[in-house]
Amino acid sequence: MRVFVPISVGGWTRLFSRWDVLAILLILGLLVFLGEASRNLFEPLAELQKQPPSLDPRNLPEYAARTTLRMLIAMVLSLVFTFTYATLAAKSRSAERLLVPLLDILQSVPILGFISVTVVFFMSLAPGRVLGAEFASIFAIFTSQAWNMAFSFYQSLRTVPSELEEAARNFRLSAWMRFWRLDVPFAVPQLIWNMMMSMSGSWFFVVASEAISVGNTTVTLPGVGSYIALAIEHRDLAAVCWAIGTMLVVILIYDQVLFRPLVAWADRFRFEQEHGVPPPQSWAFDVLRRSRIIERLREQVSALWRSSLRWRRSRKPTSGTPAKRAGRALVLPFTAVVLVLAGMALWQVAKFVMSGIDLRDVGVTVLLGLATLARVVVLIAIASLIWVPIGVWVGTRPRVALFVQPVAQFLAAFPANLLFPIVVSGIVIWRLNPNIWLSPLMILGTQWYILFNVIAGAAAIPAELRAVAVNLRVRGWLWWRRIALPAVLPYYVTGAITASGGSWNASIVAEVASWGNEHLHAEGLGAYIAEQTDAGDFHHIVLGIAVMSLFVVVINRVFWRPLYHYAERKFRLG
């Protein structure tokens, strides 16, 4: 008698493997997450007032989902901004003269400054709906992520090894193909580390992005940030602990599902591979790679992508000399237009500010800026002395880097607000000087930019260079001076520029600390902007932001940019 295998068993076995089942579960979980986190977007704003955020821990899973969705959307927007803005700045000299200083200014504008200026605009996009407030919150989170990623990608494009550029010219790659075949693959490993840092850094400002208060306009969105703000207001230590635990769980989840797979995938794009070092592992990446369903989808997407590359390649390139002449002819009109627009913008800002303040206010604001500058300089110096050696040690040990990655993400994500109970209580009990002891809160979230970039730089040190150092017995300070420090200097400068600008931004949170009825503030520009924002005084808000931007741009132009160009010119690979 013949035995027939049931169709339901044999067919399913042929169609679906265990990897397909796991991949489907991951995709379904993602869809459920997106659906649950976005189901209240089109509700009226009045519903938020009827059901304000509460300190019930049972609400934290929903709050965490909504906060994470905002951060992921902001991350996608930051990637789009990075690939366009940073590429234009790196590829065009005339555009670089405008875009890089503009990026310095954007980095220096505090998140409260963006919120105070844009909240009315975004609320008007969806009048009376939660969606408008979500737009404002996502944009605020975007401003805490995009600048770091753009600086990282810009630095990578400026330091592509010369032999790779020569290979691209020999293969006659078009600008489109060169971007996706050379520029992006070379920049991906460092960009992913900075994406982790940006994702973690956005937790630092999540309170300001979800509990928006500008003058008489107050919008509180359900999320972990508004939960933290409410816990601080009620002096609820238990709620603070619940928020910390929730953050830890969320960071571990997106580390395993998002960043570990990206690190494992990006390992193929390293400039050189060291023999004997196992590649990064990720169970989620293995599931997606071994699933036949995902493989079929990937083949379809790859076919479409190759078609776009062939279409770009089939287009006849313009003649090199006429194109260069046309480019040079456009430089002068482009510069003139930029100068006219910048002058008009400066005139409008000056007219707006000077109509509500006097010269004494300007002098006071500049002095407060000098006080914040002193804190930033001291804190960046201390952070560099601590994290550069640690970053080099971690970056040259891939196994250690995989362990450090989630730990550093959690520490980078730890908002300064959660330390307010300890800091404020300690300052009050021991009668300490707030001008000194509130200062470390400024560097709490931004010091990790230095660590992550140094780790990426140390990991990029060629294995043969390290082997030569071992064979020649280059040790101690000589090894640091001739190999380690030159190799990581371009990466360190990128991280230090972002950390410096981020510290100015964080001063708004760090120089004003409160815990219940206890309020402390340090004399500085950050405290000035925070106080004027609470008062809704837009003239003084704009004045504070303008002075802060001026300080950051001058410091970058005078110190960081010359150091960056020196490192780029002398220590680039190849």
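For clarity, every value in this text was computed on a predicted model and none was experimentally measured.

1. What to know about the overall build of the protein
Thinking step 1. Scanning the protein from terminus to terminus reveals 26 helices and four strands.
Thinking step 2. Taken across its 574 residues, the protein has 50% of its residues classed as buried.
Thinking step 3. Restricting to contacts in the protein with at least 6 residues of sequence separation, those with at least 24 account for 82%.
Thinking step 4. For the protein, the exposed surface amounts to about 28900 Å²; the carbon and sulfur share of it is 68%.

2. Structural notes on the pairing of strand 3 (residues 512-515)
Thinking step 1. Here strand 3 shows a buried face lined by Ala513 and Trp515 and an unburied face lined by Val512 and Ser514.
Thinking step 2. As judged from the four bridges shared by strand 3 and strand 4 (residues 518-521), these two strands associate in the antiparallel manner. Across the sheet, Trp515 pairs through a bridge with Glu518, a residue of strand 4.

3. Comments concerning the pattern of salt bridges
Thinking step 1. Under the criterion given, the structure shown has 12 salt bridges.
Thinking step 2. Of the charged contacts in the structure, one is a salt bridge between Asp56 and Arg58, with a shortest N-O distance of 2.9 Å.
Thinking step 3. Among the ionic pairs, Arg375 bridges to Glu511, the shortest N-O distance being 3.0 Å. Here Arg375, found in helix 17 (residues 359-395), pairs with Glu511, found in the loop between helix 24 (476-510) and strand 3; they are 136 residues apart in sequence, far enough to count as distant. The pair Arg375 / Glu511 is uniform in exposure class, with both members buried.
Thinking step 4. Taken together, the shared-partner salt bridges connect Arg66, Arg70, Glu134 and Glu210 into one network.

4. Regarding the confidence of the model for the protein
Thinking step 1. Residue-level pLDDT values for the protein average 79, and 81% of them are 70 or greater.
Thinking step 2. Within the protein, no element has a lower average pLDDT than helix 1 (residues 7-15), which sits at 48, and none a higher one than helix 17, at 92.
Thinking step 3. The low-confidence segment residues 1-13, where pLDDT is below 50, has three contacts with residues more than four positions distant or belonging to other chains.
Thinking step 4. Between residues 316-324, whose pLDDT stays under 50, and residues either more than four places distant or in other chains, the model counts one contact.

5. Things to note about unusual backbone geometry
Thinking step 1. Of note, the phi angle at Arg235 is positive, near 55 degrees, even though the residue is not glycine.
Thinking step 2. With respect to the helices and strands, the residue Arg235 is situated in the loop between helix 12 (224-233) and helix 13 (237-266).
Thinking step 3. Given the relative accessible area of 42%, Arg235 is considered partly exposed.
Thinking step 4. Phi is positive for Arg431, close to 55 degrees, though the residue is something other than glycine.
Thinking step 5. Residue placement: Arg431 occurs in the loop between helix 19 (420-430) and helix 20 (434-437).

6. Some thoughts on the nonpolar core
A general trend in soluble globular proteins is that nonpolar side chains are found buried together.
Thinking step 1. In terms of nonpolar packing, the biggest core is built from 141 residues, with Trp203 and Tyr492 touching the most fellow members.
Thinking step 2. Residues within four places of Tyr492 in sequence aside, it is in contact with Ser384, Val388, Ile450, Val454 and Trp560.

7. Quick look at the packing of helix 17 against helix 25 (residues 525-535)
Thinking step 1. Their axes nearest at 7 Å, the elements helix 17 and helix 25 cross at an angle of 125 degrees. Here helix 17 lies oblique to helix 25, going by the angle between them. Listed contacts from helix 25 to Thr365, Leu368, Gly369 and Thr372 of helix 17 are Leu525, Gly526 and Tyr528.

8. Describing a positive patch on the surface
Thinking step 1. A grouping of Arg481, Arg482, Arg569 and Lys570 is seen on the molecular surface, where their side chains present a positively charged patch.
Thinking step 2. Within the residue set of the positive patch, elements represented by two or more residues are helix 24 and helix 26 (538-571).
Thinking step 3. Take Arg482: it is sitting in helix 24.

9. Concerning the environment of Val377
Thinking step 1. Its place among the elements puts Val377 in helix 17.
Thinking step 2. For Val377, a relative accessible area of 51% corresponds to the exposed category.
Thinking step 3. In the structure, Val377 is positioned 123 residues away from Ser500 in sequence and 8.1 Å away in space, judged by C-alpha atoms.

10. Focus on the packing of helix 4 (residues 60-91) against helix 8 (residues 146-158)
Thinking step 1. Helix 8 packs onto helix 4 with a crossing angle of 40 degrees between their chain directions and a minimal axis gap of 8 Å. Of the possible angle classes, the one that applies to helix 4 and helix 8 is oblique. The hand of the helix 4/helix 8 crossing is right-handed. Judged by residue contacts, Met75, Ser78, Leu79, Phe81, Thr82, Phe83, Ala86, Thr87, Ala89 and Ala90 of helix 4 engage Ala146, Trp147, Met149, Ala150, Phe153, Tyr154, Leu157 and Arg158 from helix 8.
Thinking step 2. The residue inventory of the contact of helix 4 with helix 8, partitioned by class, reads 14 nonpolar, three polar and one charged.

11. Considering the packing of aromatic side chains
Thinking step 1. Taken as a whole, this structure holds 21 aromatic pairs when the rule is applied.
Thinking step 2. Judged by centre distance (5.9 Å) and plane angle (75 degrees), the ring pair of Phe83 and Trp180 falls under edge-to-face. You can see Phe83 sitting in helix 4 and its partner Trp180 sitting in helix 10 (residues 175-204), a full 97 residues away along the chain.
Thinking step 3. With a relative accessible area of 24%, Phe83 lands in the partly exposed category.
Thinking step 4. With relative accessibility at 25%, the residue Trp180 sits in the partly exposed group.
Thinking step 5. Between Trp479 and Trp480, the aromatic rings sit 5.4 Å apart at their centres with planes inclined by 85 degrees, giving edge-to-face as the arrangement.
Thinking step 6. What makes Trp480 partly exposed here is its relative accessible area of 23%.
Thinking step 7. Through a chain of ring-to-ring contacts, three or more aromatic side chains come together here, namely Phe81, Tyr85, Phe122, Phe139, Phe142 and Trp147.

12. Re the side chain of Asn505
Thinking step 1. In this structure, Asn505 sits in helix 24.
Thinking step 2. Non-local contacts of Asn505, meaning those with residues more than four positions away in its chain, are made with Gln107, Val109, Pro110, Ile111 and Phe205.

13. What to know about helix 19
Thinking step 1. Three or more residues of helix 19 are buried, namely Phe420, Pro421, Val423, Val424, Gly426 and Ile427.
Thinking step 2. Downstream of helix 19 by one or two residues, Arg431 has phi in the positive range, about 55 degrees.

14. Quick word on a nonpolar patch on the surface
Thinking step 1. Taken together, Val21, Leu22, Ile24, Leu25 and Leu28 make up a surface patch of nonpolar side chains, about 410 Å² in accessible area.
Thinking step 2. For Ile24, a relative accessible area of 31% gives the class partly exposed.

Calculation notes
- Residues numbered from 1 in each chain as written.
- Predicted model: local features only at pLDDT ≥ 70, side-chain atom pairs only at ≥ 80, totals over all residues.
- Heavy atoms only, no water.
- Helix = DSSP H or I, 4+ residues; strand = E, 2+ residues; numbered from the N terminus.
- Buried < 20%, exposed > 50% of the residue type's maximum accessible area, 1.4 Å probe, protein only.
- Contact = heavy atoms within 4.5 Å.
- Areas by Shrake-Rupley, 256 points an atom, 1.4 Å probe, with all protein chains shown as cover.
- Pairing = 2+ DSSP bridges.
- Salt bridge = Lys/Arg side-chain N within 4 Å of Asp/Glu carboxyl O.
- pLDDT = per-residue confidence, 0-100.
- Core = buried A, V, L, I, M, F, W, Y, C linked by side-chain atoms within 4.5 Å.
- Axes fitted to C-alpha atoms, helices over the stretch in contact; angles between N-to-C directions.
- Parallel < 35°, antiparallel > 145°, perpendicular 65-115°, else oblique.
- Patch = residues over 30% accessible without salt bridge, like charges linked within 9 Å, V, L, I, M, F, W, Y side chains within 5 Å.
- Lys, Arg positive; Asp, Glu negative; His and termini not counted.
- Charge placed at Lys NZ, Arg CZ, Asp CG, Glu CD.
- Left-handed = near helix turned anticlockwise from the far one by under 90°.
- Nonpolar A, V, L, I, M, F, W, Y, C, P; charged D, E, K, R; others polar.
- Phe/Tyr/Trp six-rings, centres within 6.5 Å; stacked < 30°, edge-to-face > 60°.

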